[in-house]
Amino acid sequence: MSSIEADFDRLALLDDEGWTANNHYHRFLLKKNWVLALPGPLCGKLKPSVLDDSRPMKSFHFSARLTLRSLIRVVVWQSGLLAAGTLACLLSLSVAAQQTDPATPVVVQPGAPGQPTRTLPSSTRATLPPHSTADAQFMQGMIMHHAQAVEMTALIGSHTENKDVRSLGARISRSQSEEIEFMKRWLAARGEPISPQMSPMPEMPGMDMSSHQMLMPGMLTAKQMDALKKAKGKAFDHLFLTGMIQHHNGALIMVKELFDTSGAGQDAELFNFATDVDSGQRAEIRIMHTMLGEKP
């Protein structure tokens, strides 16, 4: 390979466009005696015959094509930058317009099937659906019911070392304490008292009115609670599990009575809560039967 061909090859590798990165094309140019725009060091290595003005020259065609390609790339890049800047400006103006001139909220009331929707005044406020007396009585009674379950679980730490009983008790205490707070909020939002009236739910089956303390279905009597407080170890475990199964079954009775009452349980929040109580306590009853070695 001649020194000129070698210089052309090095030039093809150094140029960012590669001058088409085809060395054979460069050699073809040399054979045709075409002159390319070369750096200073390369010009000194050309033979006189190559630079002879008397011979045909098509010197800068290839270089001009590369220059035109580079120019097109710059124009396209600048056009893209200008378009991006214009879009960003328009978006910022739109956001600013929304912030300085917030739209008035629109309240839409869906129509009945086949009926159009209605646009209501912006001052319209949502109202809670009506609830029945049985709804409030259910919540008041369940607060009392849950409170005894939490009281029972509070005895576990000092009465047993059974890890399974401890784990179950922590679960019951946490879930029912949270549900008590929910029921209190539900009653307060509807202007209902937290505590039940003197004779709530008089037809509720299983209610014990033999003492001054009113007991909801399934709640342990004072005698049962005293026995639980005195027990330790395995005796406590047995009394706790059998007593909590009784307690949970009472909650299932309360839920059933709620849904059997005409017009009760229609409130969405109450419905969801009552169905969660039913499914959750049924699952815990199965767990406690297993812990006792019994078939659920």
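The structure under discussion appears in the preceding block.
The notes below deal with the structure included here. Computed from a prediction, not measured in an experiment: that's the story for all the values here.

Overview of the overall build of the protein
Reasoning step 1: Secondary structure assignment for the protein yields ten helices and two strands.
Reasoning step 2: In the protein, the succession of α and β elements from N to C terminus is α-α-α-α-β-β-α-α-α-α-α-α.
Reasoning step 3: Relative to its full complement of 296 residues, the protein shows a buried share of 32%.
Reasoning step 4: By sequence separation, contacts in the protein at least 24 residues apart represent 68% of the contacts at least 6 residues apart.

Focus: the nonpolar core
Reasoning step 1: F138, M139, M142, M183 and F273 are the most contacted members of the largest nonpolar core, which totals 23 residues.
Reasoning step 2: Of all the secondary structure elements, the ones that give two or more residues to this core are α5 (133-153), α7 (163-189), α9 (233-260) and α10 (268-291).
Reasoning step 3: A per-element tally of this core places α5 first, with six residues.
Reasoning step 4: Counting residues in each nonpolar core, the second largest holds 19 residues, with I156, L220, F240 and I245 among its members.

Considerations on the packing of aromatic side chains
Reasoning step 1: One pass over the structure, following the stated rule, counts three aromatic pairs.
Reasoning step 2: Between F182 and F273, the ring centres sit 5.3 Å apart and the planes meet at 40 degrees, which makes this aromatic pair tilted. Here the residue F182 occupies a position in helix α7, and F273 occupies one in helix α10, the gap between them amounting to 91 residues.
Reasoning step 3: F273 sits in the buried class, given a relative accessible area of 7%.
Reasoning step 4: Residues F259 and F271 carry aromatic rings whose centres are separated by 5.5 Å and whose planes lie at 55 degrees to one another, so their mutual orientation is tilted. In this pair, F259 is assigned in helix α9 and F271 in helix α10, connecting sequence segments twelve residues apart.
Reasoning step 5: On the basis of relative accessible area, F259 is assigned to the partly exposed category, the value being 31%.
Reasoning step 6: Judged by its relative accessible area of 39%, F271 falls in the partly exposed class.

What to know about the pattern of salt bridges
Reasoning step 1: Tallied over the full model, the rule gives seven salt bridges.
Reasoning step 2: Of the charged contacts, one joins D267 and R190 as a salt bridge, the two residues approaching to 3.2 Å between their closest N and O atoms. In this pair, D267 sits in the loop between α9 and α10 while R190 sits in the loop between α7 and α8 (222-230), placing the two residues 77 residues apart along the sequence. Both residues of the pair, D267 and R190, count as buried.
Reasoning step 3: For R190, the salt bridge goes to E269, with nearest N and O atoms at 3.2 Å. Of this pair, R190 sits in the loop between α7 and α8 while E269 sits in helix α10; the two residues are 79 residues apart in sequence, bridging distant segments of the chain.
Reasoning step 4: The exposure class assigned to R190 is buried, which follows from its relative accessible area of 12%.

Describing the environment of K256
Reasoning step 1: Position of K256 among the secondary structure elements: in helix α9.
Reasoning step 2: Take K256: its relative accessible area is 51%, and that puts it in the exposed class.
Reasoning step 3: For K256 and D278, which are 22 residues apart along the polypeptide, the C-alpha to C-alpha distance reads 8.8 Å.

Here we look at the environment of F182
Reasoning step 1: Residues F182 and M139, 43 residues apart in the sequence, show an inter-C-alpha distance of 9.6 Å.
Reasoning step 2: Apart from the residues within four sequence positions on either side, F182 is in contact with M139, E269 and F273.

Looking at the packing of α5 against α7
Reasoning step 1: Where α5 contacts α7, the two axes come as close as 9 Å, and the packing angle between them is 150 degrees. It follows that α5 is roughly antiparallel to α7 by the angle criterion. Note on packing geometry: the crossing formed by α5 with α7 is left-handed. Contact with α5, carried on its side by D135, A136, M139, Q140, M142, I143, H146, A147, A149, V150 and T153, involves G169, I172, S173, Q176, S177, E179, I180, F182, M183, K184, W186 and L187 of α7 and no other residues of that element.
Reasoning step 2: Split into classes, the residues belonging to the contact of α5 with α7 amount to 13 nonpolar, seven polar and three charged.

A closer look at the environment of P217
Reasoning step 1: Along the chain, P217 turns up in the loop between α7 and α8.
Reasoning step 2: In this structure P217 comes out as buried when scored by relative accessible area, which is 1%.
Reasoning step 3: Placed 72 residues apart in sequence, P217 and H145 show a C-alpha to C-alpha distance of 8.2 Å.

Let's talk about the packing of α7 against α10
Reasoning step 1: At a closest axis distance of 12 Å, the pairing of α7 and α10 adopts a crossing angle of 165 degrees. As the angle between them shows, α7 and α10 are arranged roughly antiparallel. Our pair here, α7 against α10, has a crossing hand that is left-handed. Across from D164, V165, L168, R171, I172, Q176, E179, F182, M183 and W186 in α7, the residues of α10 making contact are E269, L270, F273, V277, Q281, E284, I287, M288 and M291.
Reasoning step 2: Across the contact of α7 with α10, the residue classes tally to twelve nonpolar, two polar and five charged.

The rules behind the values
- Residues numbered from 1 in each chain as written.
- Predicted model: local features only at pLDDT ≥ 70, side-chain atom pairs only at ≥ 80, totals over all residues.
- Heavy atoms only, no water.
- Helix = DSSP H or I, 4+ residues; strand = E, 2+ residues; numbered from the N terminus.
- Buried < 20%, exposed > 50% of the residue type's maximum accessible area, 1.4 Å probe, protein only.
- Contact = heavy atoms within 4.5 Å.
- Core = buried A, V, L, I, M, F, W, Y, C linked by side-chain atoms within 4.5 Å.
- Phe/Tyr/Trp six-rings, centres within 6.5 Å; stacked < 30°, edge-to-face > 60°.
- Salt bridge = Lys/Arg side-chain N within 4 Å of Asp/Glu carboxyl O.
- Axes fitted to C-alpha atoms, helices over the stretch in contact; angles between N-to-C directions.
- Parallel < 35°, antiparallel > 145°, perpendicular 65-115°, else oblique.
- Left-handed = near helix turned anticlockwise from the far one by under 90°.
- Nonpolar A, V, L, I, M, F, W, Y, C, P; charged D, E, K, R; others polar.

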